[in-house]
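This is what each chain is made of:
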Amino acid sequence: MHVAAIIAAGGRGQRLGDAVPKQFLELAGRSILQRTVEAFEASPDIHEIVVVLPADTAAAPPAWLGQGASKPRRVVAGGERRQDSVANGFAAVEATADLVVIHDAARPFVSRDLIARTIRAAAEAGAAIAALPARDTVKQGRRDGTGTTAAWTIDATLPRETIFLAQTPQAFRCEVLRAAMAVARAGADVTDEAALAERAGHPVRLVEGEAANLKITTREDLAFARGLLASRDGGRGTMRVGTGYDLHRLVEGRPLILGGVTIPHTLGLAGHSDADAICHAVTDAILGGAGAGDIGRHFPDSDPQWRGASSLDLLARAAAMVREAGFGVENVDVVVIAERPKLAPHVPAMAANVARAIGIDATAVSIKGKTNEGVGELGRGEAIAVHAVALLSPR
Ligand code: MG
């Protein structure tokens, strides 16, 4: 059975009050969307992933979307309403798909087990969704008055045994989803796909959801999600730290490249590659944290294929090795000891380059320039040295 996942991130939901759509907000070094995509990447029941993004983002998707994929991954632009976005995603699914799983980008904590149970139920019943049985007593309210005098009064107490709160994943055999999408085209406006299948006359099975599978839509949700993450995989004993150091001589006739930025200066760093000491130190820090060797072992000077290599490229390769070893990079902090030139104006561009190469958010990369107060070889401007530290968490 070929199963496709559609990650619905087409909305511009900004209920959290940020300039960034909520699915791109950072949650411990990676965006909410990245964590959601990784959950489906890790599920053995999923064979391809279609990510529906807002049109402007789909035109220039984040770099991590193209990295570390073990199954086909496609990006499509979303539409006006949720069902338009899902329809665009469905159109991009491989023709051989038997079943489609739709999931909210804002639910990064979906478990492998919940994905598997929803798929199994949909394969049996045609359609299935994750839903939480109501635990609180459910009241139906009536709104009296208008404006500031408006108030809610209880109209009825509903039997909570029959009340379920819908989550995603929502899974459908392809023919059922096709029928549901036909209902959507007829104009019905809905907040989930199950409602379309219901209207198309298809039974939809309820699968017990998970409280941790929360949808992050408010500031409170985001804080709760960060806490959940900290207690889950950020607990003591599970985090790893790595440190890296590098030094290159300053010589004439070479460009000065640091963090992938060519900095105007009379001297440049000597070396076989581009001698980008920031990238080299960060590469060693992340490899070290993962216990995955060091830059000299993976990219030896003696190997002609690394001569003149872009160190950002080597860093991206090292980040892939770290992922392969089962770790994600949470953050990186770098100190550059350079008597001159002034690095501060170049820091944002260097941090953005390093973050992109590793596949993390730019806010998780810090780069600080220091002088050596004129002391020693560094102080005389004969060389530039870099210290880096990286924090890694298990994936
Ligand atoms: Mg080096």
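Above this note sits the structure.
Residues numbered from 1 in each chain as written. Predicted model: local features only at pLDDT ≥ 70, side-chain atom pairs only at ≥ 80, totals over all residues. Heavy atoms only, no water.

Draft legend 1. Main features of the sheet that holds strand β12 (residues 240-252). In space, the five strands of this open sheet follow the order β15-β12-β18-β16-β17, with mixed pairing throughout. Unpaired on one side and paired on the other, β15 (267-269) and β17 (365-370) mark the two borders of the sheet. Neighbour-to-neighbour, the strand axes of this sheet turn through a mean angle of 25°, independent of strand direction. Alignment of strand β16 (residues 327-337) against strand β18 (residues 383-394), held across ten bridges, turns out to be antiparallel. (Pairing = 2+ DSSP bridges. Helix = DSSP H or I, 4+ residues; strand = E, 2+ residues; numbered from the N terminus. Axes fitted to C-alpha atoms, helices over the stretch in contact; angles between N-to-C directions.)

Draft legend 2. Local environment of the nonpolar core. Membership of the largest hydrophobic core comes to 44 residues, with the highest contact counts inside it found for Leu258, Ile278, Val282, Val336 and Ile367. In this view, Val336 contacts Leu258, Ile278, Leu343, Ile367, Lys368, Gly369, Lys370, Ile384, Ala385 and Val386; residues no more than four positions away in its chain are not counted. Residues Leu53, Ala58, Val101 and Ile115 belong to the second largest nonpolar core, which totals 29 residues. (Core = buried A, V, L, I, M, F, W, Y, C linked by side-chain atoms within 4.5 Å. Buried < 20%, exposed > 50% of the residue type's maximum accessible area, 1.4 Å probe, protein only. Contact = heavy atoms within 4.5 Å.)

Draft legend 3. Spotlight on the pairing of β17. Inspection of the sheet shows β16 paired to β17 by six bridges, in the parallel sense. In the sheet register, Val335 faces β17, and the bridge partner there is Lys368. Handedness of the crossover joining β16 and β17 through helix α11 (residues 347-358) is recorded here as right-handed. (Right-handed = clockwise from strand over helix to strand, strands pointing away.)

Draft legend 4. Summary view of the packing of helix α8 (residues 277-290) against helix α10 (residues 311-324). Interhelical geometry of α8 versus α10 gives an angle of 10° and a closest axis separation of 9 Å. Taken as axis vectors, α8 and α10 run roughly parallel relative to one another. Of the residues in α10, those touching α8 at Cys279, His280, Val282, Thr283, Ile286, Leu287 and Ala290 are Ser311, Leu312, Leu315, Ala318, Ala319, Met321 and Val322. In terms of residue class, the contact of α8 with α10 is made up of eleven nonpolar, three polar and no charged. (Parallel < 35°, antiparallel > 145°, perpendicular 65-115°, else oblique. Nonpolar A, V, L, I, M, F, W, Y, C, P; charged D, E, K, R; others polar.)

Draft legend 5. Quick look at the packing of aromatic side chains. Enumeration over the complete set of coordinates arrives at one aromatic pair. Geometrically, the ring pair formed by Phe299 and Trp306 is edge-to-face, given 5.0 Å between the ring centres and 90° between the ring planes. Classification of Phe299 by relative accessible area gives buried; the value is 6%. The buried category is assigned to Trp306, whose relative accessible area is 12%. (Phe/Tyr/Trp six-rings, centres within 6.5 Å; stacked < 30°, edge-to-face > 60°.)

Draft legend 6. Spotlight on the coordination of the magnesium ion. The magnesium ion binds to the protein through Asp246 (OD), His248 (NE2) and His280 (ND1), with metal-donor distances spanning 2.2 Å. Mapped onto the sequence, the residues coordinating the magnesium ion show the spacing D-x1-H-x31-H. Residue Asp246 is found in strand β12, and its partner His280 is found in helix α8; the two are separated by 34 residues along the sequence. Each member of the pair, Asp246 together with His280, is buried. (Donors = N, O, S within 2.8 Å, 3.2 Å for Na, K, Ca; no water.)

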